[in-house]
Amino acid sequence: MLSYYLKLSWLSIKRTPILTSLMIVAIGLGIGVSMTVLTVNYMMDKDPIPEKSHQLYHVQLFSYGKGHSNSQTEDAFPMQVTYPDAMNIHRSEVPLRKTRSLATGFTVIPESADSPPFMQSARAIDYQFFDMFNVPFIFGSTWNEQIDQSPREVVVIDKELNNRLFNGENSVGKAVNLGSVRYTVVGVIDTWQPAPRFYDLNNGNFNESESIFVPFSLLPVHELPSWGNNNGWKTEKINNYQEKLASEQMWNQYWVELPTKEVKEEYQQWLEGYISEQQKLGRFENEKAGASLKNVIQWMKVNQVVPSDNSILVGLSFMFLAVCMINTIGLLLAKFLRRAPEVGVRRALGASRSEIFIQHLVDVAFIGILGGALGLLLGQLGLLGVKTLYSSYSQLVHMDLTLIVLAIGIALGSSVIAGMYPAWLICRTNPSVYLKIQ
Amino acid sequence: MLKMNNIKKIFRTDLVETHALRDFSLEVSEGEFVAVTGPSGSGKTTFLNITGMLETFNSGSYLLDGLDVSQLNDNQRSKLRNEKIGFIFQSFNLIPDLNLFDNVDVPLRYRGFSAKDRKQRIENALERVGLSARMKHLPSQLSGGQQQRVAIARALAGEPLFLLADEPTGNLDSLMARQVMQLLEEINQQGTTIIMVTHDAELARRAERNIHIVDGQVSDYQQLQPVLDVAEA
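Residues numbered from 1 in each chain as written. Chains lettered and ligands numbered in written order. Predicted model: local features only at pLDDT ≥ 70, side-chain atom pairs only at ≥ 80, totals over all residues.

A short note on the packing of helix 13 (residues 353–389) of chain A against helix 14 (residues 401–427) of chain A
Residue and element names in this part refer to chain A. Inclusion rule: Axes, fitted as lines to C-alpha atoms, cover a helix only where it is in contact. Angles between the N-to-C directions of the axes lie from 0 to 180 degrees. Only DSSP runs of H or I reaching four residues or more are called helices, and only runs of E reaching two or more are called strands; each is numbered from the N terminus. In a left-handed crossing the near helix is turned counterclockwise from the far helix by less than a right angle, and in a right-handed crossing that turn is clockwise. Throughout, the ten residues Ala, Val, Leu, Ile, Met, Phe, Trp, Tyr, Cys and Pro are labelled nonpolar, Asp, Glu, Lys and Arg are labelled charged, and all others, Gly among them, are labelled polar.
Viewed as axis vectors pointing N to C, helix 13 and helix 14 meet at an angle of 145 degrees, and their least axial separation amounts to 7 Å. Of the two elements, helix 13 crosses helix 14, and the hand of that crossing is right-handed. Looking at the contact of helix 13 with helix 14, its residues break down into 20 nonpolar, eight polar and one charged.

Observations regarding the sheet that holds strand 9 (residues 209–214) of chain B
Residues and elements named next belong to chain B. Condition: What makes two strands pair is DSSP finding at least two bridges between them. Working definition of a contact: two residues with C-beta atoms, positioned from the backbone, lying within 7 Å.
Taken together, six strands build an open sheet; the order of strands is 6-7-8-3-9-10 and the sheet is mixed. Taken across any chain shown, the strands that pair with only one partner, and hence form the sheet edges, are strand 6 (85–88) and strand 10 (217–219). Across the sheet, the mean angle separating the axes of adjacent strands is 25 degrees when strand polarity is ignored. Strand contacts of helix 5 (residues 144–157): strand 6 and strand 7 (162–166), with the helix running at about 170 degrees to strand 6, the strand carrying the most contacts.

Considerations on the sheet that holds strand 1 (residues 2–12) of chain B
All names here are of chain B. Spatial strand order, 2-1-4-5: four strands in an open sheet with antiparallel pairing. Taken across any chain shown, the strands that pair with only one partner, and hence form the sheet edges, are strand 2 (17–28) and strand 5 (67–68). Across five bridges, strand 1 lies against strand 4 (residues 59–64) in antiparallel orientation. Pairing of Lys8 across the sheet is with Ser59, part of strand 4.

Side note on the interface of chain B and chain A
How big an interface is tends to be stated in terms of accessible area lost as the parts join. In this complex, chain B contributes 25 residues to the contact, which on the side of chain A involves 21 residues. Those elements that place two or more of their residues in the side of chain B that touches chain A are helix 1 (44–51), helix 2 (74–84) and helix 3 (100–111) of chain B. Split into classes, the residues belonging to the side of chain B that touches chain A amount to eight nonpolar, nine polar and eight charged.

Thoughts on the nonpolar core
Quick note on the threshold: The term nonpolar core refers to a set of buried Ala, Val, Leu, Ile, Met, Phe, Trp, Tyr and Cys residues connected through C-beta atoms within 7 Å. Partly exposed residues are those whose C-beta has more than 12 but fewer than 20 other C-beta atoms within 10 Å; 20 or more makes a residue buried and 12 or fewer makes it exposed, with C-beta atoms placed from the backbone. The split into domains, and so the bounds of each, comes from an automatic or database assignment of domains.
Counting 170 residues, the largest nonpolar core has Val155 and Ile212 of chain A together with Val34, Val36, Ala153 and Ile194 of chain B as its most contacted members. If you tally residues by element for this core, the top one is helix 2 (residues 17–45) of chain A, at 12 residues. When residues of this core are assigned to domains, at least three map to each of domain 1 (2–48 + 307–435) and domain 2 (63–289) of chain A.

Here we look at the pairing of strand 2 of chain B
For a regular strand, side-chain orientation follows a simple rule: the groups alternate between the two sheet faces. Residues and elements named next belong to chain B. Relative to strand 2, strand 1 runs antiparallel, the two being bridged by eight bridges. Bridge pairing in strand 2 links Ile7 to Phe24. Counted along the chain from strand 1 to the antiparallel partner strand 2, the turn is four residues long.

Notes on the domain arrangement of chain A
All names here are of chain A. Split into domains, chain A comes out as domain 1 (2–48 + 307–435) and domain 2 (63–289). Taken over C-alpha atoms, the centre of domain 1 sits 49 Å from the centre of domain 2. With seven residues of domain 1 at the interface, the matching set in domain 2 holds eight residues. Of the residues in the side of domain 1 that touches domain 2, the class split is five nonpolar, two polar and no charged.

Concerning the confidence of the model for chain B
Defined as follows: pLDDT measures how confident the predictor is about each residue, on a scale from 0 to 100.
Here chain B averages 87 in pLDDT, while 94% of its residues score no lower than 70. Within chain B, helix 3 of chain B carries the highest mean pLDDT (93), whereas helix 8 (residues 221–232) of chain B carries the lowest (54).

Overview of the packing of helix 2 of chain A against helix 14 of chain A
Residues and elements named next belong to chain A. Formally: With respect to orientation, any angle under 35 degrees is reported as roughly parallel, any angle over 145 as roughly antiparallel, any angle of 65 to 115 as roughly perpendicular, and every other angle as oblique.
Between helix 2 and helix 14, the least distance of the axes is 10 Å, while the angle of their chain directions is 140 degrees. When the axis of helix 2 is compared with that of helix 14, the two are oblique. Along this stretch, helix 2 crosses helix 14, giving a crossing that reads as right-handed. Within the contact between the two elements, helix 2 uses Ile27, Ile31, Ser34, Met35, Thr39 and Tyr42 and helix 14 uses Leu403, Ala407, Ile410, Ala411 and Ser415. Looking at the contact of helix 2 with helix 14 residue by residue, the class counts come to eight nonpolar, three polar and no charged.

If you want it as structure tokens, here you go:
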């Protein structure tokens, strides 16, 4: 009977094209607005590295002095670590993989005199960064472990920069001028834009990934500047780079890969031991001194990747959808009641109330699917608007298959709910009223 | 086959109560052709609606093919209506955006026949009324008489026990009315029981039995005879 009901639905649409179009537009508008908001919210909240998000941990050390804390977070831990701490905890052999990390940047000077120099953000990291975060290579690979101990001027660049500097050719072994220093390319990564940029939520949740990756060990050699946030809690005289490296300023990040619960517990104990060691040296004086390990999902929550305002916005968008559906109920009533004489004939010919009810629900569902399809188009326009207004959200403004299915599902579900009352009303109609039996 | 006993039907509004049928009793046997006549407001419509199970009644009993209709729920009544009763209306009541084939198909769909079976029945029914060549036409492309023949085909396709006809010739000119009446007579001769409401005394005369309803009750046939005589004169 479903195919029969769908055929009747199609005939019904052809019979009342304007009324049906109004309903499709009403549903489409509601779905379009709610899906635009929901897409941004969903993509913000999406696990950016599901295969590893519960094995990758961001390390936080409570290195504040007495009376100091971070008022921005619930547990008051600082978001970053000091350079000395980053160096010291890097000695641990417990993690499967580990990396220090710093947002930095360079002036890139192309070889060709025709091409002007340009600024490019970069990241100073350890060689395991790429394996930890599943960064795909198209040419070459990361540098070797030795370089993290004895620094050398090597660099991994991304596909876009490789296209710009080397016309997309394999550039491994070629030189890149970063500022006044020549670096040798050892690898080229494919496009890699995790959204949110979970590995550095301290410097823009949805900023683009860097194009240049250099060894962290080069920090003291070339005095690489910090292009990210620097947090301090005490007055320190910092007149040169060496003093910055030795300071209590928190400007580095530290990530570890801990594959099991046991390894995590072992590493937590190692960090507690490190803190005790440091306390003997006069650091970590705060009563809350300790270490915190947060996996990717926990780290996203701490950093409020999805702002609380978003849930209000999602609520409002669904209220708008509800208003659209209430309008649809009115239009459905008009459409169905116009069809009452036909329903009377069908009842006289043997259709039961439940068959009439189902026929009309299929009709509504068909309209709902068409409205959902229009809603998807409008949603894409809405996302285009978001992209235009907020360039940092460019990674978020696309619907994946889940969202497309969800949009159709919401359209279908809300339409069927909206159609319940009109369908119930029409199936309760006394058929004899419309048959004009005399 | 059809047995109504002391049927009472009252329509109530906030202000008035209308007794449409009072102690209405009637028995119709298999194969009969019964004409129902009566003045406007006499209860003919209500009688036909109750017979077709489109209306319920307040008291009394109604047995259709041995089944007590008052004990059935909507689904059971719809199924019974679909299987046992065919309707023919004064205004044909064809669905305008379905072609003839699909119009005749409507009751068969609710019956759950296979596509092959439905097709066979539709073709046979349209053949029987002489419209098999126009299956793909829309009702609006037919004359009134042809539309009524399609309605008859629709009623016959499911091979019902009863045909309930409501003024089947009321919207037709005399030539077409004669043709439709002739068709109904043929159908009756082939065994289908027909109950026909009509204002036309000549048509009523052609029926095997005449029922006259006055004030919601069956009146004697003898009471009807002078009316028919006057009409004939």
